[in-house]
Every structure is written in C-alpha cells, then in structure tokens.
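Now for the letters of each chain:
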Amino acid sequence: GGPAGARADRDLDAVLALFDAAARYEDRLPGAPPARFLDHLESQDVPSDTLAARTPSEDAVALLTAQGAVGLEWDVVVVPGLQEGAWPDTRLRGTLLGAPDLADLLAGRAGHLPAPEAAVAARRQVLDDERRLLHVAVSRARRRLVVTAVADDDEQPSAFLDLVVPPPPGEGERLPSRVPRPLTLAALVAELRSVLLTPEGRVDATGARVDAARRAEAADLLARLAAAGVPGAAPESWHGLLPVSDDAPLVGPGQPVRVSPSSVEAFHRCGLRWVLESRGGGSGSSVKQGVGVLVHRVAEELPDGTEEAMLARLEQLWPELGVPPTWVGARELRRARRMVARLAAYVADARAAGRSVVGVEVEVEAALGRALVRGRLDRVERDADGGVRVVDLKTGSSQPAAAEVPEHPQLGLYQAVVEAGALDAATGGAAAGGDEGEERPRSAGAALVQLGGGAKRYREQAQQPLAAAPDPAWARRLVEETAEAMASSAFTAVQNATCTTCPVRACCPLRPEGRAVGEGAP
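Residues numbered from 1 in each chain as written. Predicted model: local features only at pLDDT ≥ 70, side-chain atom pairs only at ≥ 80, totals over all residues. Heavy atoms only, no water.

Q: Go over the overall build of the protein chain, please, and point to the residues and values.
A: Summing up its helical and strand segments, the protein chain has 15 helices and eight strands in all. In the protein chain, which comprises 522 residues, the share counted as buried stands at 30%. Across the protein chain, every contact between residues at least 6 apart in sequence was considered, and the portion connecting residues at least 24 apart equals 66%. Carbon and sulfur atoms provide 56% of the accessible area of the protein chain, an area that totals close to 32500 Å². (Helix = DSSP H or I, 4+ residues; strand = E, 2+ residues; numbered from the N terminus. Buried < 20%, exposed > 50% of the residue type's maximum accessible area, 1.4 Å probe, protein only. Contact = heavy atoms within 4.5 Å. Areas by Shrake-Rupley, 256 points an atom, 1.4 Å probe, with all protein chains shown as cover.)

Q: An account of the packing of aromatic side chains is requested, with residue identities and associated values reported.
A: Applying the stated rule across the entire model yields four aromatic pairs. Ring plane angle 80 degrees and centroid distance 5.4 Å describe the contact between Phe267 and Trp274, whose orientation is recorded as edge-to-face. Exposure remark for Phe267: the relative accessible area of 14% places this residue in the buried category. One aromatic cluster in this structure is built from Phe267, Trp274 and Phe491. (Phe/Tyr/Trp six-rings, centres within 6.5 Å; stacked < 30°, edge-to-face > 60°.)

Q: Could you give an account of the pattern of salt bridges, with specific residues and numbers?
A: Enumeration over the complete set of coordinates arrives at 24 salt bridges. Across the pair Asp128 and Arg131 runs a salt bridge, and its minimum N-O distance is 3.1 Å. One end of the pair is Asp128 and the other is Arg131, both in helix H4 (residues 115-138) and three residues apart, which spans about a single turn. (Salt bridge = Lys/Arg side-chain N within 4 Å of Asp/Glu carboxyl O.)

Q: Summarise the side chain of Arg342; cite the residues concerned and give the values.
A: Tracing the backbone through its elements, the reader meets Arg342 in helix H12 (residues 327-352). Buried Arg342, no salt bridge; nearest opposite-charge side chain is Glu307, N-O distance 10.0 Å. Polar side-chain contacts of Arg342 include one of 3.5 Å to the backbone oxygen of Gly452. Beyond its immediate stretch of four places on either side in the chain, Arg342 contacts Leu451, Gly452, Gly453, Gly454, Ala455, Lys456, Arg457 and Tyr458. (Lys, Arg positive; Asp, Glu negative; His and termini not counted. Polar contact = N/O pair within 3.5 Å; in protein donor to acceptor, adjacent residues only side chain to side chain.)

Q: How would you sum up a negative patch on the surface? Please name residues and give values.
A: Taken together, the side chains of Asp152, Asp153, Asp154 and Glu155 present a region of like negative charge at the surface. Position of Asp154 relative to the elements: it lies in the loop between strand E2 (141-147) and helix H5 (161-164). (Patch = residues over 30% accessible without salt bridge, like charges linked within 9 Å, V, L, I, M, F, W, Y side chains within 5 Å. Charge placed at Lys NZ, Arg CZ, Asp CG, Glu CD.)

Q: Could you give an account of the environment of Leu127, with specific residues and numbers?
A: With respect to the element layout, Leu127 can be found in helix H4. Put simply, Leu127 and Pro88 are 39 residues apart on the chain and 6.6 Å apart in space, counted from C-alpha to C-alpha. Ignoring any residue separated from it by four or fewer positions in sequence, one finds Leu127 in contact with Pro88, Thr90 and Phe160.

Q: Any chance you could break down the side chain of Asp392 for me, citing the residues and the numbers?
A: Residue placement: Asp392 occurs in strand E6 (residues 388-394). A relative accessible area of 6% means that Asp392 is categorised as buried. Looking at Asp392, its side chain comes within polar contact range of the side chain of Lys394, at 3.0 Å. At 3.4 Å, the side chain of Asp392 and the side chain of Tyr414 are in polar contact. Leaving out residues up to four positions away in the same chain, Asp392 has contacts with Asp378, Gln410, Tyr414, Ala447, Leu448 and Val449.

Q: Which residues make up the nonpolar core, and what values go with them?
A: General note: in soluble globular proteins, nonpolar side chains tend to be found buried as a group. Within the largest apolar cluster, 42 residues are counted, with the highest numbers of intra-cluster contacts made by Val259, Leu377, Leu413, Val417 and Leu423. When sequence neighbours within four positions are dropped, the list of residues in contact with Val259 reads Val264, Ala371, Leu372, Val373, Arg374, Leu413, Ala483 and Met486. Of all hydrophobic cores here, the second largest spans 24 residues; its members include Val291, Met310, Leu314 and Val347. (Core = buried A, V, L, I, M, F, W, Y, C linked by side-chain atoms within 4.5 Å.)

Q: I'd like to hear about the pairing of strand E7 (residues 443-450), residue by residue, with values.
A: Within E7, eight of the eight residues are buried, which leaves it mostly tucked inside the rest of the structure. Here E6 pairs with E7 via six bridges, running parallel. Residue pairing for E7: Val390 is matched across the bridge by Ala446. Where E7 and strand E8 (residues 459-463) come together, five bridges link them in antiparallel fashion. (Pairing = 2+ DSSP bridges.)

Shape is all these values report; function is a separate question.
Here's what the structure looks like:
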C-alpha cells in the first residue's frame, strides 16, 4: 500500500501494456525483430495503448464506436470513413460456435427458407443493422455533425453518405474537398519528397505548381530532417534511387547451370518470374497442388492399372491430404476422381497403341553444354518400333496453345536428354551394358497429357520426334542457350497470359504495382 504500492501497480500495468502491444504487433507482422517493434511504438502519432488516467472530462475528445455512443450526446460529432465496403459492411456475421444459428434454431426461425433466399434475408438483416448503427452515430450531435468519406482510385464513398448529406438539388455530383496534410513527420516527409521529385512547371500531389525556389526549399528541409534522424528523409533510403548492389552473373563463368525440365518452360515464359520464384518468391502449396501430387502418385504406383484399381488407390491415399470433409473437400475429391479416370483412359489407349511402360518417375541427369539437366520424368514409354517416348502428366487447367507444341521447350528438353543417352540405363540401351554395337534408343517424340480442366477426356499434346523435325538440333540448342541465359546477370520480364496470377507481380516493372517510385509507364 501507500505511494510505493501505487508506483508498483503502475509499473506492472506498464509491463502488461507493453506485452499487449507486442502481441498485437506479432499478430500483424509475425517474426519481426524487436528493433522494428520499438520503431513502430516510437512512430505512433496516437498511442495504441496508454496508462494515462481515463477520468471522464468534458474537455476531452471521446473516441467511440457507434454502439459505445448509445445514450450519449456531444455538441460536435464526427463520423469519419463512411466508405463503401466499410459502412455498410454487408458481410454475414457469425461466431466461432454458431450461437446465432443455435438461437434461430431454438426459436424456430431456421430452416423455413431455401439456402439462397436465406442468404439474401441474412444480408438484408445485416444492412438494416448497419443503417440503424448509422442513425445512432449521426443522432449524437447537438449542434454540428461532420461526416467524411474519401474518393480515389481504391475507395469510393458509401451509399449511406447521401442519406446523411444529400447532394444539393440540381448540382449533380458533390464536389470533393482537398484534404490537408496531416500534422505528422511522415506526412511532411512525403510532401517534401513529392515536391522534390515533381518536374518544374508541373503540379505536385498537393495541387500546387512546382518551381525552382520551392524545390530548393524542399531539399533544404529534407536535409534538416535527415540530419535529425527522421525516417524516410535521407535519399539513401528512397526506393529506386540506389545503384545496383551486385551485377555479377547468377552462375560463374565455366560453372554448370542446373536445369530442370519445368524450369526451361518457366524461363521462356518469363525470365524475371523464373529467377524470383527460384530464389524463394513463389507462392506456397495449395490444395490443388496437393491433389496433383496424389494423382501423380497413383500414376507411379499403378502405371498399367485399370480405372477401378486407380480410383480405389486414390480413395486410400485421399486422407493423407488432410482436406476437411466440407463442400470444398468434396469438390476437390470429385476433381481428383475425374483426373484419375482420364489417366486410366490414357493408359488403356497407350496399351492399345502398342506402347509399353519402361519406367515411371525416372530420375534423369544429362550434361548439354553448360546445362546440367536433373529431374524426374513422369512416364517413359517404348513404342512398337523400339523408340522411347517421354510423357508428362499435367493436372493443372492451363494448357499451351497448339501452335506452341512443335517447339515446346519442356518437350524439346525431354527429347534432347533421350538423344544424349540419359535414359540408356532405364531403357537398356547401348550405354547400359547392352550388346556391343547395339544402337542407342532413339526419341519417338514427347507428349503432354492434360488430365485437368473441364473436358470429359484427357487431351494429348504430342511433339514429333526430333529426327522428323526440319532442324533436329533445335532442342539441344534451346537447352544450351537457356542455360547460358539462366546464368546471366539480367533477366527480362515478358508479358504473358499468366501475369494476372503471377505471385511475384509486385516486383515486375510491366505491372503497375511493380514499378519503382518515380518510374513512368513502360
């Protein structure tokens, strides 16, 4: 008790408040270092938590939710952020244990409407609740009510804005007001940088025209702020202005370049995406990728199996994927069954065509110039004439165009490694201890077997044997040139059909979100 006890209580409260702030920060940025957490605390304009006394005062500004303002009044009330998607927020509410659903069930309100109509009725109820909350918020003012909304490329004002402040009759749309700069160091630095980077004679972000005197003043203020240690003021920290840190090639001269069958196709689609994904920029695994792995496993374990046997094996392996028994899991299981049925149909057609299975998931290694090709081949077949045919099973929905197949990079690599003897051991050719003078197995072509998509049957995209091509050496030359390009220090971004789903598009100069600060359109 006494003054010492009060100080001890405040110290304990401070420690607990620090723990709470650290927990919230860790939720937002998992794994961030402690120094960054301290910078976050010091840069706050309004502390997210405080130990200051909370005694009610008429001279203080109250920050409340609409629910917390019920029954209270003030002379001036500000309702900020009346944005579409935020207010009204028409997302259906729920709880972890489904208490509202249980209450509806006990009250006899559940199950009397079909699912689509029930969803519409639930959203209508949420919209009514949002409208009532707005009425509570705007009716707290005695003398003056201020409602704000922002209109820009990313956000639009809510439709509720017209309920509170109808536009003047006959004047069309409401004229927006320019928002003044916030009184914070970060906002000041942003404005000064905008002035400094805007060419003379043009209008900056504040709407004012930039001249030489204004730019000189901005540079002087930024230098003073940088000397005081204000974050973002020093040009050394500005994105896009530093020189390239390292222009050395990715692989040193004379060293082999590791090339996988899939990387050749990926590199030719977009070199920049390939290098970023190969260095950890790719997206994580998904349920669809897991389904593809299971289908490949069925193909490996039952290379000559029937449809019944393959489907039975799929059912045995399915629990390993860990997909919950929801409608999403049921949909993915149906998709996996369709792909396995297409796989079985292809196996039956290959058997009827006289092709036998030489191996599945065959490990291959071959040196083609600087390229050291390593990887696994889904399926290797031998035709009736003794030729070797490599088959790649595709479980995704994207497929190359028919015009790309004759010189498809991945199929060309398969044929090149066959011609180089990488499959001699698997096929029993000359280099695998066969009879002296026995010819090396020739390539009988390669094929992509598309098991995914919405078609009823599989789609086979076959590439003719290299010997039948106008230039039989094109595939080997393509692999060697790709390896040289992979080892370089510069990689080109290529616009293609997969740009919208690219996981590294935020680093691509062809995309608006990937352009450097101050850089114009390409």
